[in-house]
Amino acid sequence: MFANILFPINAEAFTYIVPGELESKIRRGSRVAAPFKKSHKTGVVTGFTAEPADKSKTLRSIQSLLDDEPLIPENILRLIRWVGQYYMSTTGLALKNAVPAAFFSGKTPGKPRITYSGDIGKQEAPELTPAQRRVLKEINRTDKGVFLLHGVTGSGKTEVYVNAIESLPPGRQAIVLVPEIAVTVQIIDRLRSCFGDRVVFFHSGLSAGERIRYWQKMRSGEAKVVIGVRSAVFAPFENAGLIIIDEEQEASYKQSDGLRYNARDVALARAKLEGMKIILGSATPSMEAFHAARKGKFRYLEIKNRVDHKSMPRIEIIDMTTEDKQTFSLSNKLITSLRENISAGYQSLIMLNRRGYSPFCICADCGHTYKCPACSITLIYHKDTRTLNCHYCGSYLKPGDLCPNCGGAKVKYLGTGTQRVEEELKALIPELAVRRMDRDTTRRKFSHYSIIKEMEDKKIDLLLGTQMVAKGHDFPDVTLSAIISADVTLNMPDFRSAERAFQLFTQLAGRSGRGDAPGKAYIQTYEAGHYVFDYVRNNDYKGFYEREMAQRKELSYPPSGKLLRIILSFRDRDAGEKAVAAVSERIKKIQHTPAGKDAEILGPAPAPIEKIRNFWRWHIILKGRNSRKLRERALAVLQSMKGSRGMKIDIDVDPVNLM
Ligand code: ADP
Ligand code: ZN
């Protein structure tokens, strides 16, 4: 007997001989140790054959079987195969992303560490509103299919999720995906109050031992619910009945390197493969999801009002070209409003989608802009560490390092980041209790939680941060929210920038006025005439969708078509240019074949960020209607590039970022 063994590496399965004594015990999904090159590796059995495909090869034997029961259930084996194919990657890489590395490392797991446990039992279930009951009835009516739950901010979607899970038949589990662990606190508390320790919280901060323990808890069915980011979509439940994707539009569901999967789309595939229900929830659905609902592929459930008919926040656009400002970043109007809000005893939330102190640092003598030596992007000054940091590769300069252009040592700090806003606020309103929440202040495990708890306990007057503060939170005493510079989001050179802006502004405004007092929101911008603001102000999702869709159609951009991106990178720029010119010639030939009409091939052209980590980058973008045909075309393009030396190729199916 022969077995195919899959390892967590970028490859398909390898064939091994099954020793006689293992034949009765070994199964699909079993974890085994097997010789690999000069050492051995841990892998997983994906199937058996009576005869090996290639008889000329001498095969080696499996060394040992590591567990009594298969580690990976059939449905997950099937799912990773789908992921490997759909994303034009390998099943091995999909395995690596799906299953905790600790199972393959051979290391013995360490002691469990302290984990966040929440305030179990604190929350009581409220009586559902008529709108919540109506959507739940629809959801509970069937055990299959996709629901798009479009509920305005504060419409009580969490309660719908919890009730949908409670309504599952006994023995069926649920997977809850959230875009960031920073926004999970409230959902977890609520789930724990219902399901106690049958809730598993799966996130990147877990130790190897915790990962193993939690995996087994899910595998055995002891757990009922898993909540997590991205990789929780691979939860080894055999009997899942429901997947919930909260804030389904979030870009963070897409992995940005290696295997570039989108957890939302993998979840949709999983729900279909396993015949279960899936709820995509959002106040601002992605164009893709709303389009699918329009076409009848998803069932559309809408909640138009906030719980108890609380009013939506009043949104005001502040035109920074005419508005007076006292500080570098803050308009007088915003400052006045902040002061009033605080003296009335309420809390505020301010977002600026840029961490650090200053995003543009120029030489005071010659005007040279400081850029990362390894990446073609500007460096960001961080005042706490007194360094100019590259947010891509992590390298940094000291401001004392001399200007590469003129040798000058004086630096001018332009533009605004969260650290600068924090400094300005503290100087302006010294009695203000400000907390900053961005990636710099939340590196430590559970630092999110302490900030959110302090906010809940009203130890903070004003929470300031990057988009982390805009999503999901439910602080009833926040009655003012503001965006410092809408332009950062609006001016991203990406066809989705207006969509992102609409979503982000609506989300941030939606944090305001969720309690008894009405809320307001301010958006500071230098482009007050931009059409996005009209729709944001009127909370007009559908109007925005129609307008945006017309453009997408014209250009065949998603959801009106599909995209696939191939990134080519080279250490050496000249070699890259030559290779790309050759690739370009070969692609022209493919375009004129009959299959050419299935997909338009754009490029190769220099990527908007030309250099990252010392690699020079070009990209090819394929556009088409049908995702299978698009992959076939991409395969032809890849074939034509065979033999190009020194070229690193990354494939991004359904790209979210075209930089
Ligand atoms: P969303 O996720 O739709 O923005 P949440 O789920 O955070 O909204 O709910 C908003 C607020 O309304 C929360 O404070 C929640 O506890 C409360 N809430 C939800 N459902 C009900 C209900 N049926 N009755 C009273 N309060 C509710
Ligand atoms: Zn860099």
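Residues numbered from 1 in each chain as written. Chains lettered and ligands numbered in written order. Predicted model: local features only at pLDDT ≥ 70, side-chain atom pairs only at ≥ 80, totals over all residues. Heavy atoms only, no water.

J.: Is there a simple way to explain the overall build of the protein chain in this structure?
T.: Counting its regular elements, the protein chain contains 18 helices and 27 strands. What you see for the protein chain is a C-alpha radius of gyration of 26 Å, in line with the 26 Å of a compact globule of 659 residues. Long-range pairs, those at least 24 residues apart, make up 75% of the contacts in the protein chain with a sequence separation of at least 6. Summed over its atoms, the accessible surface of the protein chain is roughly 28600 Å², and 50% of this surface lies on carbon and sulfur atoms. Each charge class in the protein chain can be summarised by its mean position, and for the 101 positive and 73 negative side chains these summaries are 5 Å apart. (Helix = DSSP H or I, 4+ residues; strand = E, 2+ residues; numbered from the N terminus. Rg over C-alpha atoms; globule rule 2.2 N^0.38 Å. Contact = heavy atoms within 4.5 Å. Areas by Shrake-Rupley, 256 points an atom, 1.4 Å probe, with all protein chains shown as cover. Lys, Arg positive; Asp, Glu negative; His and termini not counted. Charge placed at Lys NZ, Arg CZ, Asp CG, Glu CD.)

J.: Would you explain the site of ligand 1 in this entry?
T.: Surrounding ligand 1, one finds 16 residues, the nearest of these being Glu-127, Gln-132, Gly-154, Thr-158 and Asp-474. Contact distances for ligand 1 include 2.7 Å between a nitrogen atom and a backbone N or O atom of Glu-127. Separating an oxygen atom of ligand 1 from a side-chain N or O atom of Lys-157 is a distance of 2.8 Å. Alone, ligand 1 offers 570 Å² of accessible surface; in the complex the protein occludes 76% of this. When residues of the shell around ligand 1 are assigned to their parent elements, the largest contribution, 3 residues, is made by helix 5 (residues 157-166). Residues that form the shell around ligand 1 fall into these classes: 4 nonpolar, 7 polar and 5 charged. (Near = heavy atom within 4 Å. Polar contact = N/O pair within 3.5 Å; in protein donor to acceptor, adjacent residues only side chain to side chain. Nonpolar A, V, L, I, M, F, W, Y, C, P; charged D, E, K, R; others polar.)

J.: Before we go on, may I ask you to explain the pattern of salt bridges in this structure?
T.: Charged atoms that come close allow side chains of opposite charge to pair. This model, assessed by the stated rule, comprises 37 salt bridges. Here Arg-264 and Asp-265 are joined by a salt bridge, their closest N and O atoms 3.1 Å apart. Given the relative accessible area of 10%, Arg-264 is considered buried. One salt bridge connects Glu-274 with Arg-270, and the closest N-O pair in it is separated by 2.9 Å. In this pair, Glu-274 and Arg-270 both sit in helix 8 (residues 263-274), 4 residues apart, roughly one turn of the helix. The pair formed by Glu-274 and Arg-270 is uniform in burial state, with each residue classed as buried. When salt bridges that share partners are traced, they join Glu-422, Lys-426, Arg-436 and Asp-438 into one network. (Salt bridge = Lys/Arg side-chain N within 4 Å of Asp/Glu carboxyl O. Buried < 20%, exposed > 50% of the residue type's maximum accessible area, 1.4 Å probe, protein only.)

J.: Please clarify how helix 6 (residues 185-195) should be interpreted in this entry.
T.: For an α-helix, 3.6 residues make a turn, and residues three or four places apart therefore share a direction. For helix 6, the buried fraction is high: 9 of the 11 residues fall into the buried class. Buried residues of helix 6: Val-185, Gln-186, Ile-187, Ile-188, Asp-189, Arg-190, Leu-191, Arg-192 and Phe-195, and no others. In this fold, the buried residues of helix 6 make contact with helix 5, strand 7 (173-177), strand 8 (199-202), strand 9 (225-228), strand 10 (240-246) and helix 12 (447-456). Phi turns positive, to about 55 degrees, at Gly-196, one or two residues after helix 6.

J.: Can you help me understand the environment of Asn-10 in this one?
T.: Inspection of the secondary structure puts Asn-10 in the loop between strand 1 (2-6) and strand 2 (14-17). A relative accessible area of 55% places Asn-10 in the exposed class. Here the alpha-carbon distance between Asn-10 and Glu-577, two residues 567 residues apart in the chain, equals 27 Å. In this view, Asn-10 contacts Ser-89, Thr-90 and Leu-93; residues no more than four positions away in its chain are not counted. Within polar-contact distance, the side chain of Asn-10 engages the side chain of Thr-90 at 2.8 Å.

J.: Where do I start with the coordination of the zinc ion (ligand 2) in this structure?
T.: Each pair of donors in an ideal octahedron of six around a metal sits at 90 or 180 degrees, and each pair in an ideal tetrahedron of four sits at 109.5 degrees. All of the protein donors around the zinc ion (ligand 2) are Cys-372 (SG), Cys-375 (SG), Cys-390 (SG) and Cys-393 (SG); their distances to the metal are 2.3 Å. Because the angles between the 4 donor atoms bound to the zinc ion (ligand 2) fall within 105 to 113 degrees, the donor set is best described as tetrahedral. Site description for the zinc ion (ligand 2): donor spacing in sequence, C-x2-C-x14-C-x2-C. With a gap of 15 residues between them, Cys-375 in the loop between strand 15 (360-363) and strand 16 (380-382) and Cys-390 in the loop between strand 17 (387-389) and strand 18 (396-397) connect regions that are remote in the sequence. For the pair Cys-375 and Cys-390, a shared accessibility class is recorded, and that class is buried. (Donors = N, O, S within 2.8 Å, 3.2 Å for Na, K, Ca; no water. Tetrahedral: all angles 85-135°; square planar, octahedral: opposite > 155°, others 65-115°.)

J.: I tried to follow helix 10 (residues 332-343) on my own but got confused; where do I start?
T.: For helix 10, which comprises 12 residues, the first-to-last C-alpha distance of 17 Å matches the rise-based estimate of 16 Å (1.5 Å per residue) to within 8%. Within the sequence span of helix 10, burial applies to Leu-334, Ile-335, Ser-337, Leu-338, Asn-341 and Ile-342. An end-on view of helix 10 places all buried positions within 165 degrees of arc, on one side of the element. Facing away from the buried side of helix 10 by more than 90 degrees, the exposed set consists of Glu-340 and Ser-343. In this structure, the buried side of helix 10 is in contact with strand 13 (314-319), strand 14 (347-351), helix 11 (418-428), strand 21 (462-465), strand 22 (478-483) and strand 23 (520-525). Of the residues trailing helix 10, Gly-345 is marked for its positive phi of about 85 degrees. (Expected span 1.5 Å × (residues − 1). Arc of directions from axis to C-beta.)

J.: Just checking my understanding: could you explain the sheet that holds strand 26 (residues 615-624) for this structure?
T.: Paired through backbone hydrogen bonds, the strands of a sheet run either parallel or antiparallel to each other. Across the sheet, which stays open at both edges, the 4 strands sit in the order 25-26-24-27 with antiparallel pairing between neighbours. Both outer strands of the open sheet, strand 25 (599-612) and strand 27 (648-653), are each paired with one neighbouring strand and no more. Pairs of neighbouring strands in the sheet enclose a mean axial angle of 20 degrees, with direction left out of account. Strand direction decides the pairing type here: strand 24 (residues 562-570) and strand 27, joined by 6 bridges, are antiparallel. If you follow Ser-569 over to strand 27, its bridge partner there is Lys-648. (Pairing = 2+ DSSP bridges. Axes fitted to C-alpha atoms, helices over the stretch in contact; angles between N-to-C directions.)

J.: Got a minute to help me understand the side chain of Asp-438 in this structure?
T.: As for its placement among the helices and strands, Asp-438 is situated in the loop between strand 20 (434-437) and helix 12. A polar contact of 2.9 Å, which involves the side chain of Asp-438, links it to the backbone nitrogen of Asp-440. Setting aside anything within four residues of it in sequence, one finds Asp-438 in contact with Arg-355, Thr-418, Thr-466 and Met-468.

J.: Teacher, can you tell me more about the packing of aromatic side chains here?
T.: Aromatic ring pairs are defined here through the distance separating the ring centres and the angle between the ring planes. Tallied over the full model, the rule gives 20 aromatic pairs. Between Phe-103 and Trp-215, the aromatic rings sit 6.0 Å apart at their centres with planes inclined by 65 degrees, giving edge-to-face as the arrangement. You can see Phe-103 sitting in helix 3 (residues 102-105) and its partner Trp-215 sitting in helix 7 (residues 208-219), a full 112 residues away along the chain. In terms of burial, Phe-103 and Trp-215 fall into one category: buried. (Phe/Tyr/Trp six-rings, centres within 6.5 Å; stacked < 30°, edge-to-face > 60°.)

J.: Please explain the packing of helix 9 (residues 287-294) against helix 16 (residues 541-555) as it appears in this structure.
T.: For any two helices packed against each other, the geometry is given by the interaxial angle and the distance between the axes. For the pair helix 9 and helix 16, the least separation of the axes is 11 Å and the interaxial angle reads 95 degrees. Of the possible angle classes, the one that applies to helix 9 and helix 16 is roughly perpendicular. Within the contact between the two elements, helix 9 uses Met-287, Phe-290, His-291 and Arg-294 and helix 16 uses Tyr-541, Lys-542, Tyr-545, Glu-546, Glu-548, Met-549 and Arg-552. Grouping the amino acids of the contact of helix 9 with helix 16 by side-chain chemistry returns 5 nonpolar, 1 polar and 5 charged. (Parallel < 35°, antiparallel > 145°, perpendicular 65-115°, else oblique.)

J.: Mind showing me how you'd approach the pairing of strand 20 here?
T.: Each regular strand carries side chains that alternate between the two faces of the sheet. Judged from the 4 bridges that link them, strand 20 and strand 21 form a sheet pairing that is parallel. Looking across to strand 21, one finds that Val-434 is bridged to Leu-462. Handedness of the crossover joining strand 20 and strand 21 through helix 12: right-handed. (Right-handed = clockwise from strand over helix to strand, strands pointing away.)

J.: Help me out: how do you make sense of the sheet that holds strand 5 (residues 64-65) in this one?
T.: With respect to topology, 5 strands assemble into an open sheet ordered 2-1-4-3-5, the strand pairing being antiparallel. Of all the strands in the sheet, the pair left with one neighbour each is strand 2 and strand 5. As paired elements, strand 3 (residues 31-36) and strand 4 (residues 39-49) share 6 bridges and run antiparallel to each other. In the strand pairing of strand 4, Ala-33 is matched with Thr-42.

Any link to function would need more than the numbers given here.
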